[in-house]
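# Remarks on the overall topology
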Amino acid sequence: MKLIAAVDKNWAIGLKNRLLVSIPNDMKFFKEMTTGHVVVMGRRTLESFPGSSPLKQRTNIVLTKSTSFKAKDAIVVKDEDELFKELEKYDTDEVFVIGGESVYRMLLPYCDTAYITKIDYEYEADAYIPDLDESDEWEMTYEGEEETCFDLEYKFTTYSRKQGK
């Protein structure tokens, strides 16, 4: 399984169920990486999308505790057990965890690759993912050139779970 996220200097990912910033190149990267694959998200992440609609050209799996929640064109699962039962149907290399915070935290132990867009800025935030730079289980295996969007600097990075961890 893979994780994909954009984080600020403090590994923040969002504020009030919104992304911290929208960087067109990052959105393009996200779309290229996840199109044709399975994406796993929480209900609030789905609700943050335009029209609260699932992402096109992907298999959308939504994890929610709500027993009445339904999403057109998405598979809704109620708990971790149901999620893993659903994920058995797919090659784990085809699965991308896309948020939010609780889903990232729940599934990080099952991921072997993390695509992290690192934004060189500190935002006000209320949602974070674990800092992979601080983890002895992960190592950065790719760091792209610094890019700029208006006055914002960012880099595309890839982290891999260390062997034997």
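Structure shown above.
Presented here is an overview of the structure given in this document. Quick caveat: nothing in here was measured; it's all calculated off a predicted structure.

Procedures and definitions
Residues numbered from 1 in each chain as written. Predicted model: local features only at pLDDT ≥ 70, side-chain atom pairs only at ≥ 80, totals over all residues. Heavy atoms only, no water. Helix = DSSP H or I, 4+ residues; strand = E, 2+ residues; numbered from the N terminus. Contact = heavy atoms within 4.5 Å. Buried < 20%, exposed > 50% of the residue type's maximum accessible area, 1.4 Å probe, protein only. Pairing = 2+ DSSP bridges. Core = buried A, V, L, I, M, F, W, Y, C linked by side-chain atoms within 4.5 Å. 1 Å grid on protein atoms, 1.4 Å probe; cavity = no way out; pocket = protein on both sides within 12 Å on 5 of 7 lines; lining within 4 Å. Points joined across faces, edges and corners; volume = space filled by probe spheres on them. Nonpolar A, V, L, I, M, F, W, Y, C, P; charged D, E, K, R; others polar.

### Quick notes on the environment of tyrosine 159
Structurally, tyrosine 159 is set in strand β12 (residues 152-161). If we ignore the near neighbours within four places in the chain, the residues touching tyrosine 159 are Trp11, Asp112, Thr113, Ala114, Ile116, Lys118, Leu132, Asp133, Trp138, Glu139, Met140 and Thr141.

### Regarding the pairing of strand β8 (residues 113-119)
The buried fraction of β8 is high, at six of seven residues. Bridge count for strand β1 (residues 2-7) against β8 is six bridges, and the pairing is parallel. Each residue of the ladder has a partner; that of lysine 2, found in β8, is threonine 113. Of the strand pairs in this sheet, β8 and β12 are connected by seven bridges, and their pairing is antiparallel.

### Some remarks on the nonpolar core
Counting residues in each nonpolar core, the largest one holds 27 residues, and the members touching the most others are Leu3, Val40, Leu83, Ile116, Ile129 and Leu132. Elements that contribute at least two residues to this core include exactly β1, β4 (38-42), β5 (59-63), α3 (80-87), β7 (95-99), α4 (101-107) and β8. Setting aside residues up to four positions removed in sequence, isoleucine 129 forms contacts with Leu3, Ala5, Val7, Trp11, Ile13, Tyr104, Arg105 and Ile116. Leu46, Val62, Ala125 and Phe156 belong to the second largest nonpolar core, which has 26 residues in total.

### Comments concerning the environment of aspartate 136
Its place among the elements puts aspartate 136 in the loop between β9 (127-128) and β10 (138-143). The class of aspartate 136 is exposed, set by a relative accessible area of 53%. For the pair aspartate 136 and lysine 162, spaced 26 residues apart in the sequence, the C-alpha separation amounts to 8.1 Å.

### Focus on the layout of surface pockets
The volume enclosed by the largest pocket comes to roughly 1200 Å³. In this structure, the largest pocket is lined by 41 residues; those nearest its centre are Thr45, Ser48, Ile98, Gly99 and Gly100. Among the elements of the structure, β1, β2 (12-15), β3 (18-19), α1 (24-34), α2 (43-48), β7 and α4 are those that each provide at least two residues to the lining of the largest pocket. The biggest single contributor to the lining of the largest pocket is α4, with five residues. Tallied by class, residues from the lining of the largest pocket come to 17 nonpolar, 10 polar and 14 charged.

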